[in-house]
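Inside the fold
One letter stands for each residue in the lines below.
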Amino acid sequence: MTTTVPDSAEVELAIGGMTCASCAARIEKKLNRMDGVTATVNYATEKAKVVYSTEVTVPDLIATVEAVGYTAKRPAPPPGSGGSDGEAAEEPAETDELRPLRQRLIAAVALAVPVVAMAMVPAWQFEYWQWLSLTLAAPVVTYAAWPFHRAAWANARHGAATMDTLISVGTTAAFLWSLWALFFGTAGTPGMTHAFELTIARSDGSANIYLEAAAGVTAFILAGRYFEARSKRKAGAALRALMELGAKDVTVLREGREELIPVTELRSGDRFLVRPGEKIATDGTVVEGASAVDASMLTGESVPVEVGIGDAVTGATVNVGGRLVVEATRVGSDTQLARMARLVEDAQNGKAAAQRLADRISAVFVPIVIALALGTLGFWLGNGSDLSAAFTAAVAVLIIACPCALGLATPTALMVGTGRGAQLGILIKGPEVLETTRKIDTIVLDKTGTVTTGRMTLLAVHTAEGTDETDVLRLAGALEHASEHPIAQAVAAGAAERTGTLPVPEDFTNVPGLGVQGVVEGHAVLVGREKLLAEWALEMPVELARAKAAAEAAGRTAIAVAWDGEARAVLEVADAVKDTSAQAVSRLRALGLKPVLLTGDNKAVAEAVAAEVGIDEVIAEVMPEDKVDVVRRLQGEGFSVAMVGDGVNDAAALAQADLGLAMGTGTDAAIEAGDLTLVRGDLRAAADAIRLSRRTLGTIRSNLFWAFAYNVAALPLAAAGLLNPMIAGAAMAFSSVFVVGNSLRLRGFKALD
């Protein structure tokens, strides 16, 4: 993982112990204070990418991170391309990471529910109910809430405060005061009840317990953390999906023999065999044979590329034609697929992690609450009140500030919003994604598979004078049906759809690089490039030559058809635009977004597609590395960029973009690299996804506002010593009910027809 350059080196560290985005910022700040060190810490991937001078060592970097209260180590080596051992080694680590959190959550929910129920329903408060509440709440506040206490202590040692601090201080204060009231006050008296009355009156607190607040807050916040951790553990899946695209085994030619070996044993200079339908094992040069190669998942080129002796081919692309013998030129980490994996990883690490709203507010709110609690204690003691009354008021400040509704604000809105999104075919990966949708002003659309169907389709038939279109389709379709080439299959499918059952050729020959020829129903038929007809001394009539030129000018593939010594027709084949794409582009514009078409396909094809769907700006003939550069250039110009794509070639750009929207009909690599996944292959879902994300973000913001508003409104009452337990419980319950109800409004979100 370490790459050395003159006078500096680069290392990637796995960071442990982070609980929020401010943790990542603190580590990054500490590392960047070291001489000769430039660091980027990503909370989502839990990694630090560090460039350091030769005067600094990796142990120095690790020690600096540990001094801040976190752990750091070199991450385990990534699995090889297709290596199952690496993947198997990685899975247990992921499972172990979530198991402790899941166990704490289950324990917290099971024990907190009866505690909250007994405190809120006086009829259930039997003679010794308060002691049962203590028995149930103690494991929740100690064992289940331990991650919050540990994080709060680490933050306190470095003079910082986050939401963890507020949770830890509030739950601990509520629990300790309840212990005091039970053992030294009157709350432990048999038959004690919390009467359900909403009165504002001063109390000495000796009869009040707050165990339901301590247990309930812990359970709520743990639930949010668990769902967040589940989404975070998928951060590296884009890289695994990329590497899984490569071939697992390869047939090498050694001393005239064929030998099947794992692709990891392939070496530069080896010659290997690629049969029709197989993936090309690694980057290389064709030394024998001719075929067509489908490279769309890497380059975005919708038309398979014809290759012959001397042509370069790329690993993980698919041989769709004849038999090839390839000499390996790049293997392992030097291949284009491996370089793309690094691009995705770099883009993910370089993307600034969005700080959660609750953490940003807590950074200010927590110190203010703690200062107010201390001030309240000092004020009452200074005014001659007894210690019990003063301490009651101070603890009441901490308890009312404890964020019960705040713990529900983000998870409930996120669960309802993402649940509604799933019903509509929109998958939202996490709360950080939502903040980005509000800022997006430019949307970059991949062409193949996103705006277009991604499949070659027969679009038009131009016939010579006196030739029947049905005859053209039957004869050409029959011959093309015997070919494995994707363009031939598109012609055959289109012909069968329009004419019905196709005849069986009496003779068939594939002419590499030119087309096919054979005998159908007694006719000698030629289908392919104009050069194939020229070899048989056939000239195309003027009207067919014009149709061919017009088709090629529009970026379509023109196929000539001849039989019995005459050129009869020209067929147009292209990657067809989806019926809904033009409407989708219009809706994206209505959301204030500027659409840009970005593709690896040729310029003529791209401009024709853009004109059809209403896009003004086109960037064509770009490789995967160039797609990333285009996104970076737009970001550098001050635009906030969303990217919609479906192929491996889009994965790095999806990761680099401020918001990545992956078509669910595309590859796993693109889906994992995106922030939003559109399950349907319909671009209109992109507009719905942005609308839903913005609506969900708005709901989270309003939830957070009201969650804090209830706390802030009640703080003066608590500081004045006028807050009794039922007022506190009612305020917390009402704020929680409001937050849940506000979130449930998202269930009414509807996609536009």
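Fair warning: this is a prediction, and the values are worked out from it, not measured in the lab.

So, on to the overall build of the protein. When you go through the protein residue by residue, the secondary structure sums to 26 helices and 27 strands. Burial analysis of the protein (753 residues in total) assigns 53% to the buried set. Looking at the protein alone, contacts between residues at least 24 apart form 70% of all its contacts between residues at least 6 apart. For the protein, the computed accessible surface area is about 31,400 Å², with 57% contributed by carbon and sulfur atoms.

Now for the packing of aromatic side chains. In total, this model carries three aromatic pairs according to the counting rule given. Aromatic pair Trp-177 and Trp-180: ring centres 4.8 Å apart, planes at 20°, arrangement stacked. Highlighted residues: Trp-177 and Trp-180, both in helix α6 (residues 163–183), separated by three residues, approximately one helical turn. Overall, the relative accessible area of 30% leaves Trp-180 in the partly exposed class. Taken together, a centroid distance of 5.7 Å and an interplanar angle of 80° make the contact between Phe-379 and Trp-380 edge-to-face. Assessed through its relative accessible area of 12%, Trp-380 is described here as buried.

At Ala-537, a position not held by glycine, the phi torsion is positive, near 60°. For Ala-537, the position within the fold is in the loop between α18 (530–535) and α19 (542–553). For Ala-537, a relative accessible area of 68% corresponds to the exposed category. Phi at Asp-564 is positive, roughly 55°, even though this residue is not glycine. In this structure, Asp-564 sits in the loop between β21 (557–563) and β22 (566–577).

Pairing is antiparallel across the open sheet formed by six strands, whose spatial order is β17-β22-β21-β20-β19-β18. Two strands bound the open sheet, and with one partner strand each, they are β17 (452–463) and β18 (507–511). Here the average twist between neighbouring strands, direction ignored, is 20°. Two strands pair when backbone bridges link them, and β18 and strand β19 (residues 515–520) are joined in this way by five bridges, in the antiparallel orientation. In the sheet register, Asn-510 faces β19, and the bridge partner there is Val-516. Along the sheet face, helix α16 (residues 469–481) touches β17, β18, β19, β20 (523–528), β21 and β22 and points at about 110° away from the line of β19.

The next point concerns the UniProt feature "transmembrane region" (unreviewed entry) in the protein. Taken from the UniProt record, the annotation "transmembrane region" (unreviewed entry) applies to residues 105–122, 128–146, 166–187, 207–227, 361–381, 387–410, 703–720 and 726–744. Along residues 105–122 one finds 89% helix and 0% strand; the C-alpha atoms at either end are 27 Å apart. The span residues 703–720 is 94% helical and 0% strand by assignment, and the distance between its end C-alpha atoms comes to 27 Å.

Another aspect to go through is the nonpolar core. The nonpolar side chains of soluble globular proteins are, as a tendency, buried together. Ile-209, Leu-211, Leu-222 and Val-397 are the most contacted members of the largest nonpolar core, which has 50 residues in total. Setting aside chain neighbours within four positions, we find Leu-211 in contact with Val-115, Gln-130, Ser-133, Leu-134, Ala-137, Phe-175 and Ser-178. The next biggest cluster of nonpolar side chains, apart from the first, holds 45 residues, and it includes Ile-443, Val-577, Val-585 and Ala-620.

Packing of helix α4 (residues 129–144) against helix α5 (residues 146–157) brings their axes to within 5 Å, and their N-to-C directions diverge by 45°. Regarding the angle of α4 to α5, the classification is oblique. Between α4 and α5, the contacting residues are Val-141, Thr-142, Tyr-143 and Ala-144 on the first element and Trp-146, Pro-147 and His-149 on the second. Grouping the constituent residues of the contact of α4 with α5 by class yields five nonpolar, two polar and no charged.

Looking now at α4. Helix length check: α4 (16 residues) gives 22 Å between terminal C-alpha atoms against 22 Å at 1.5 Å per residue, within 8%. Of all the bends in α4, the greatest reaches close to 30° and is centred on Ala-137; the proline Pro-139 follows between one and four positions later. Within α4, the full set of buried residues consists of Trp-129, Gln-130, Ser-133, Leu-134, Leu-136, Ala-137, Val-140, Val-141 and Ala-144.

Let us now look at the packing of helix α20 (residues 581–590) against helix α25 (residues 684–719). Between α20 and α25, whose axes approach to 7 Å, the crossing angle comes to 25°. In terms of orientation, α20 and α25 fall into the roughly parallel class. Contacts between α20 and α25 pair Gln-583, Ala-584, Arg-587 and Leu-588 from the former with Arg-684, Ala-686, Ala-687 and Ile-690 from the latter. A per-class count over the contact of α20 with α25 returns five nonpolar, one polar and two charged.

In this section: the environment of Lys-429. Here Lys-429 shows up in the loop between β15 (426–428) and α14 (431–437). Sequence-wise, Lys-429 and Leu-414 are 15 residues apart; in three dimensions their C-alpha atoms are separated by 9.7 Å.

Across the sheet, which stays open at both edges, the six strands sit in the order β7-β6-β8-β14-β9-β12 with antiparallel pairing between neighbours. The open sheet has two free edges, formed respectively by β7 (257–262) and β12 (312–313), since each of these has just one partner strand. Here five bridges tie strand β9 (residues 283–288) to strand β14 (residues 324–330), and the two strands are oriented antiparallel to one another. Counterpart to Asp-283 in the pairing with β14 is Arg-330.

Once that is clear, we can look at a nonpolar patch on the surface. There is a patch of nonpolar side chains on the surface, built from Phe-126, Tyr-128 and Leu-132 and spanning about 290 Å² of accessible area. Position of Tyr-128 relative to the elements: it lies in the loop between α3 (84–120) and α4.

With that out of the way, let us pick up the pairing of strand β23 (residues 594–598). Across the five residues that make up β23, a large majority, four, are buried. Note: strand β16 (residues 442–446) against β23, five bridges, orientation parallel. Bridge assignment links Ile-443 to a residue of β23, and that residue is Pro-595. In terms of strand pairing, β23 meets strand β24 (residues 617–619) through three bridges, oriented parallel. From the neighbouring strand, Leu-597 faces β24, where its bridge partner is Val-618. Following the chain from β23 across helix α21 (residues 603–613) to the adjacent parallel β24, one finds a crossover that is right-handed.

The subject of this paragraph is the pattern of salt bridges. By the definition in use, this model includes 22 salt bridges. Note that Asp-270 and Arg-254 form a salt bridge whose closest N and O atoms lie 3.4 Å from each other. Of this pair, Asp-270 sits in the loop between β7 and β8 (271–274) while Arg-254 sits in strand β6 (residues 249–254), and the two are 16 residues apart along the sequence. Classification of Asp-270 as buried rests on a relative accessible area of 17%. With a shortest N-O distance of 3.6 Å, Asp-575 and Lys-447 are connected by a salt bridge. In this pair, Asp-575 is assigned in strand β22 and Lys-447 in helix α15 (residues 447–451), connecting sequence segments 128 residues apart. Judged by relative accessible area, which is 7%, Asp-575 ranks as buried. Using a relative accessible area of 0% as the deciding quantity, one classes Lys-447 as buried.

With that settled, consider the environment of Val-263. Tracing the backbone through its elements, the reader meets Val-263 in the loop between β7 and β8. When its relative accessible area of 11% is taken as the criterion, Val-263 is described as buried. Residues Val-263 and Asp-249, spaced 14 residues apart in sequence, show a C-alpha to C-alpha distance of 4.9 Å.

Quick look at α5 now. Helix length check: α5 (twelve residues) gives 17 Å between terminal C-alpha atoms against 16 Å at 1.5 Å per residue, within 8%. Looking at α5, one finds that the buried residues are Pro-147, Phe-148, His-149, Ala-151, Ala-152, Ala-154 and Asn-155. Gly-159 sits one or two residues past α5 and shows a positive phi near 70°.

Conventions we followed
Residues numbered from 1 in each chain as written. Predicted model: local features only at pLDDT ≥ 70, side-chain atom pairs only at ≥ 80, totals over all residues. Heavy atoms only, no water. Helix = DSSP H or I, 4+ residues; strand = E, 2+ residues; numbered from the N terminus. Buried < 20%, exposed > 50% of the residue type's maximum accessible area, 1.4 Å probe, protein only. Contact = heavy atoms within 4.5 Å. Areas by Shrake-Rupley, 256 points an atom, 1.4 Å probe, with all protein chains shown as cover. Phe/Tyr/Trp six-rings, centres within 6.5 Å; stacked < 30°, edge-to-face > 60°. Pairing = 2+ DSSP bridges. Axes fitted to C-alpha atoms, helices over the stretch in contact; angles between N-to-C directions. UniProt positions renumbered as here; feature names shortened; annotations may be inferred. Core = buried A, V, L, I, M, F, W, Y, C linked by side-chain atoms within 4.5 Å. Parallel < 35°, antiparallel > 145°, perpendicular 65-115°, else oblique. Nonpolar A, V, L, I, M, F, W, Y, C, P; charged D, E, K, R; others polar. Expected span 1.5 Å × (residues − 1). Bend = angle between axes of the 7 residues up to and from the residue. Patch = residues over 30% accessible without salt bridge, like charges linked within 9 Å, V, L, I, M, F, W, Y side chains within 5 Å. Salt bridge = Lys/Arg side-chain N within 4 Å of Asp/Glu carboxyl O. Right-handed = clockwise from strand over helix to strand, strands pointing away.

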